[in-house]
Amino acid sequence: MENLVLLPAMAQKRRGNFGQFAEDATIISEETTRVKKVNHFIEANTMEIDFQHLQSDCIVPVFSKDNELTISHNAFIETVWEAANTFFTGETIDKPDIRVSHIVKGRIPEAIHKPANQLLESDKTQYFERMMFCFEVPTIYETVEGNRLTLSVGGVRAYNQMNLYSKKTVERFKVFVGFKNMVCCNLCVYTDGYLGNLEVSSTNDLFRSVLEMFNRYDPAKHIHLMQTLGNSYLTEHQFAQILGKMRLYQCLPQGYQKSIPRLLITDTQINSVAKAYIQDENFGGFGSDLSMWRFYNLLTGANKSSYIDSFLDRSLNATEVAQGINMALHGDERYSWFID
């Protein structure tokens, strides 16, 4: 990348004391055996695309009133990937997996008068309104409840959340650093590793903001919080109670709903959680107590049906809900409504 100015403190990798926060948490800085992927980190209404196709075959939208370019999807991916290589010096950084949705089609001026069924591929233009990518840092990992968790970085770009009919202004992105459960590719997003409304006007600003997020994020603390979920259990009655309250939440009066911690999971996803409780071979618990770690993965698994533009917010909310209910099991009142 050109014209990047790095602050020395931001370019240095932070090495926290993992032993202070997590049980047997380690960072392994050596070549590791890749775990075969069994599915995608997001599935609903998306398709896989490679970086070359995104770079070569897609146009870049502009702000219509002044014809100024937006930051392209591929520039967004490159910037975050380069920031990760800068911060996690010496670690292995995988290539990004890219998922897109909501294609916007067009045609070149020479093909304006052609019927649609006579258009050649060379007559067409396209870009994708929504794009999400994720790449792994496989040399930084930990095991929680028998599941290998690999550090992962990614981001979301959704043009539908911007006004492209105006003059050029700041552009919105979502970026995260967290862990991916390699058993199921569920993403574990934590508050300190998520920028849900990042507004920047250039790739230089984006680069610096991502470095600041990396510097603030503490993977050991995140691992510790996930480890604690494995120490608490729900009875089948409590699990059914929580599902019922989740369904009830959607119908509560607005004022009452605001007095309860937010819940972003949809009714369809609640049904998916119930189904997975009985059928999921990795995290189901039918007929026995269910650990909060498994409950958390039932939530993140159901979230994979979310659209790209809402995926990360719901991922973070799944973490908030699982941790909140876990604390409620031990007497905390904030999430007690879900289990009372």
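Computed from a predicted model, the values in this text were never measured in an experiment.

**Focus on the overall build of the protein chain**
Consideration 1: Regarding its fold elements, the protein chain presents 10 helices and 11 strands.
Consideration 2: With an accessible surface of roughly 16300 Å², the protein chain has 49% of that area assigned to carbon and sulfur atoms.

**As for helix 5 (residues 219-229)**
Residue pairs spaced three or four apart in an α-helix point in one direction, given the helix's 3.6 residues per turn.
Consideration 1: Within the sequence span of helix 5, burial applies to Pro-219, Ala-220, His-222, Ile-223, Met-226, Gln-227 and Leu-229.
Consideration 2: Two or three places before Ala-220, at the opening of helix 5, Asp-218 has a side-chain oxygen 3.1 Å from that residue's backbone nitrogen.

**Considering the confidence of the model for the protein chain**
Consideration 1: Here the protein chain averages 89 in pLDDT, and 89% of its residues register 70 or above.
Consideration 2: When the elements of the protein chain are averaged for pLDDT, helix 1 (residues 8-11) gives the smallest value, 36, and helix 4 (residues 203-216) the largest, 98.
Consideration 3: Every residue in residues 1-37 is under pLDDT 50, and counting partners more than four places away or in other chains gives 74 contacts.

**Structural notes on the pattern of salt bridges**
Where charged atoms of side chains with opposite charge meet at close range, the side chains can pair.
Consideration 1: A full pass over the atoms with the stated rule returns 13 salt bridges.
Consideration 2: Put simply, Lys-168 and Glu-171 hold a salt bridge, and the shortest N to O gap is 3.2 Å.
Consideration 3: Notably, a salt bridge pairs Glu-199 with Arg-172, separated by 3.3 Å at the nearest N-O pair. With Glu-199 in strand 9 (residues 194-200) and Arg-172 in strand 7 (residues 171-181), this residue pair connects regions lying 27 residues apart in the sequence.
Consideration 4: Arg-172 sits in the partly exposed class, given a relative accessible area of 39%.
Consideration 5: Because the salt bridges share partners, they merge into one network encompassing Glu-129, Arg-130 and Asp-309.

Criteria and cut-off values
Residues numbered from 1 in each chain as written. Predicted model: local features only at pLDDT ≥ 70, side-chain atom pairs only at ≥ 80, totals over all residues. Heavy atoms only, no water. Helix = DSSP H or I, 4+ residues; strand = E, 2+ residues; numbered from the N terminus. Areas by Shrake-Rupley, 256 points an atom, 1.4 Å probe, with all protein chains shown as cover. Buried < 20%, exposed > 50% of the residue type's maximum accessible area, 1.4 Å probe, protein only. Polar contact = N/O pair within 3.5 Å; in protein donor to acceptor, adjacent residues only side chain to side chain. pLDDT = per-residue confidence, 0-100. Contact = heavy atoms within 4.5 Å. Salt bridge = Lys/Arg side-chain N within 4 Å of Asp/Glu carboxyl O.

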